[in-house]
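Commentary on secondary and tertiary structure
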Amino acid sequence: MQIIRQLSALRERTKLIRESGRTLALVPTMGALHAGHMSLVELARRQADDVIVSIFVNPKQFGPNEDLDKYPRSEEADAARLAEAGVTALWMPSVSEVYPDGFATSVKVANLGELWCGAARPGHFEGVATVVAKLFNQVRPDIAVFGEKDWQQLAIIRRMARDLDLDVEIIGMPIVRDTDGLALSSRNAYLSSADRQAALTLPRALNDAARDIGNGADVEATLADAKARLLAAGFTQVDYFALVDAATLEPLATHDRTGRLLAAARIGATRLIDNIAL
Ligand code: PAF
C-alpha cells in the first residue's frame, strides 16, 4: 500500500488507475480506525478494483470548544490495518496541503445542514461538505463509501453530490455495533467503563422507541420518554431524539415507513450519535 501525502503524487497515482481502466473507490475517514471503518473498506473492495482510504482530521468540522486537539490519532496502526485489508493507497495529507494559505471557499448545504447535529454544532456540516467536496476532486473516485452511523452526514453528502453534479456514486454502509449494541465510534475511546455501560441506553432507547412507534404508540410521548430515559441513565444532555423523514430529515409527527429515529446525546464531555430505521 502506497502512503501518499502530496496532492501531486495522489494525482499521478489516480491517473494511472483511471488510464488502466480500473474502477476506484474512496473511503474518507478521520483515522482511529475501528471495525466500522473496516466494514466500509471491505464494501469498497467488493465494489471497485482499487480503493483509496483518506485519513484527515479535518479542522474545519470541529467547533472552537470541540475535541480537535484530543481527537484520537493512530496513524501507524491504521496504515498497517489498511495495508492488511488490501487498500491500494492511503491518502494522508497535512492540514496545509488541504487548506493552503488564503483558502477561502466553502460548501454549505442549506436546511439539511442546519437541522439536528447542524443546530448543535454550528458550522460542522459546512466543514464536512467542504472537505468531502475537496476529497472527491482530489481522488475523483467512481464511488465513495460512508457509514450510516452519521445518517445526517450521509444525507448531506448525497444532496451535495446531486446539487453540484459530482460524478461519484455515494454508498451508505449499515452501522456496525459492538456485541453489547453500542455503535462503533472513534469517540467511544473517551468513555470510562461506567459511562460506556450507561451509553448502552442510547441504542436500547432507539430500539424500544422504534418498536413502540411501529406498534402505534404516540410519537411525541415516546420521544419524550426516550429522552427522560437517557437522562436517568446518566446522559448529561440530549441534543435531540427525533423521528424524521429518512431523506429530508424533516421531523415526522406520525409513524411513516420512510421514518428514521435519530439521536445525539452527551455523557460528560463525550457526544454520541446513533440512529435506527423504523
Ligand atoms: O465521518 C467522518 O469521519 C468525517 O466526517 C469525514 C466524512 C471523513 C469528513 O471529514
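For the structure, check the block above.
Below: a short report on this structure.

Rules behind the numbers
Residues numbered from 1 in each chain as written. Predicted model: local features only at pLDDT ≥ 70, side-chain atom pairs only at ≥ 80, totals over all residues. Heavy atoms only, no water. Helix = DSSP H or I, 4+ residues; strand = E, 2+ residues; numbered from the N terminus. Rg over C-alpha atoms; globule rule 2.2 N^0.38 Å. Buried < 20%, exposed > 50% of the residue type's maximum accessible area, 1.4 Å probe, protein only. Contact = heavy atoms within 4.5 Å. Areas by Shrake-Rupley, 256 points an atom, 1.4 Å probe, with all protein chains shown as cover. Lys, Arg positive; Asp, Glu negative; His and termini not counted. Charge placed at Lys NZ, Arg CZ, Asp CG, Glu CD. Near = heavy atom within 4 Å. Polar contact = N/O pair within 3.5 Å; in protein donor to acceptor, adjacent residues only side chain to side chain. Nonpolar A, V, L, I, M, F, W, Y, C, P; charged D, E, K, R; others polar. Salt bridge = Lys/Arg side-chain N within 4 Å of Asp/Glu carboxyl O. Pairing = 2+ DSSP bridges. Axes fitted to C-alpha atoms, helices over the stretch in contact; angles between N-to-C directions. Parallel < 35°, antiparallel > 145°, perpendicular 65-115°, else oblique.

**A short note on the overall build of the protein chain**
Each helix and strand counted, the protein chain has ten helices and nine strands in total. Radius of gyration (C-alpha) of the protein chain: 19 Å, near the 19 Å computed for a compact globule of 278 residues. Taking the principal axes of the C-alpha coordinates as reference, the protein chain spans close to 55 × 40 × 40 Å. By the burial criterion, 52% of the 278 residues in the protein chain qualify as buried. Of the contacts made within the protein chain by residues no fewer than 6 positions apart, 73% connect residues no fewer than 24 positions apart. Counting every atom, the protein chain has about 13000 Å² of accessible surface; 48% of that belongs to carbon and sulfur. On the protein chain, the mean spot of the 31 positive side-chain charges and the mean spot of the 36 negative ones are 2 Å from each other.

**Remarks on the site of the ligand**
Close to the ligand lie P28, T29, M30, Q61, V131, F146 and Q153, which account for all nearby residues. Measuring from an oxygen atom of the ligand, one finds a side-chain N or O atom of Q61 at 2.6 Å. Take Q153: an N or O atom from its side chain is 2.7 Å from an oxygen atom of the ligand. When the free accessible area of the ligand is taken as 290 Å², the share hidden by the protein chains comes to 85%. Split by residue class, the shell around the ligand holds four nonpolar, three polar and no charged.

**Regarding the side chain of D245**
Along the polypeptide, D245 turns up in strand 7 (residues 237-245). One buried charged residue, D245, forms no salt bridge at all, with the nearest opposite charge on R159 at 7.9 Å. Of note is the side chain of D245, whose polar atom sits 2.8 Å from the backbone nitrogen of T248. Within polar-contact distance, the side chain of D245 engages the side chain of T258 at 3.1 Å. The residues contacting D245, other than those within four sequence positions of it, are E250, L252 and T258.

**Considerations on the pairing of strand 6 (residues 169-173)**
Counting buried positions over the five residues of strand 6 gives four, a clear majority of the element. In this sheet, strand 6 lies alongside strand 5 (residues 143-147) in parallel orientation, the contact comprising five bridges. Opposite F146, over in strand 6, you have G172 as the bridge partner.

**Focus on the pattern of salt bridges**
The tally for this structure, following the rule as stated, stands at 15 salt bridges. Linking R177 and D274 is a salt bridge whose minimum nitrogen-to-oxygen distance equals 2.9 Å. Of this pair, R177 sits in the loop between strand 6 and helix 8 (193-199) while D274 sits in strand 9 (residues 270-277), and the two are 97 residues apart along the sequence. D239 is the salt-bridge partner of R266, the closest N and O atoms lying 3.0 Å from each other. With a gap of 27 residues between them, R266 in strand 8 (residues 259-267) and D239 in strand 7 connect regions that are remote in the sequence.

**Concerning the sheet that holds strand 9**
The antiparallel open sheet is built from three strands, whose spatial order is 7-8-9. The two strands at the open ends of the sheet, each matched to only one other strand, are strand 7 and strand 9. The sheet shows a mean angle of 10° between the axes of neighbouring strands, taken without regard to direction. Here helix 9 (residues 201-214) sits on the sheet in contact with strand 7, strand 8 and strand 9, set at roughly 30° to strand 9.

**Considering the environment of L243**
With respect to the helices and strands, the residue L243 is situated in strand 7. Sequence spacing of L243 and N275 is 32 residues, and the spatial spacing of their C-alpha atoms is 9.7 Å. Every residue in contact with L243, bar those within four places of it in the chain, is listed here: I213, V219, L223, E250, P251, L252, T254, G259, R260, L261 and L278.

**Some remarks on the packing of helix 1 (residues 7-19) against helix 6 (residues 124-139)**
It is the contact of helix 1 with helix 6, at a shortest axis distance of 9 Å, that shows an interaxial angle of 55°. By the angle between their axes, helix 1 is oblique relative to helix 6. Residues L7, L10, R11, T14 and R18 of helix 1 touch helix 6, and the partners they reach there are N137, Q138 and V139. Tallied by class, residues from the contact of helix 1 with helix 6 come to three nonpolar, three polar and two charged.

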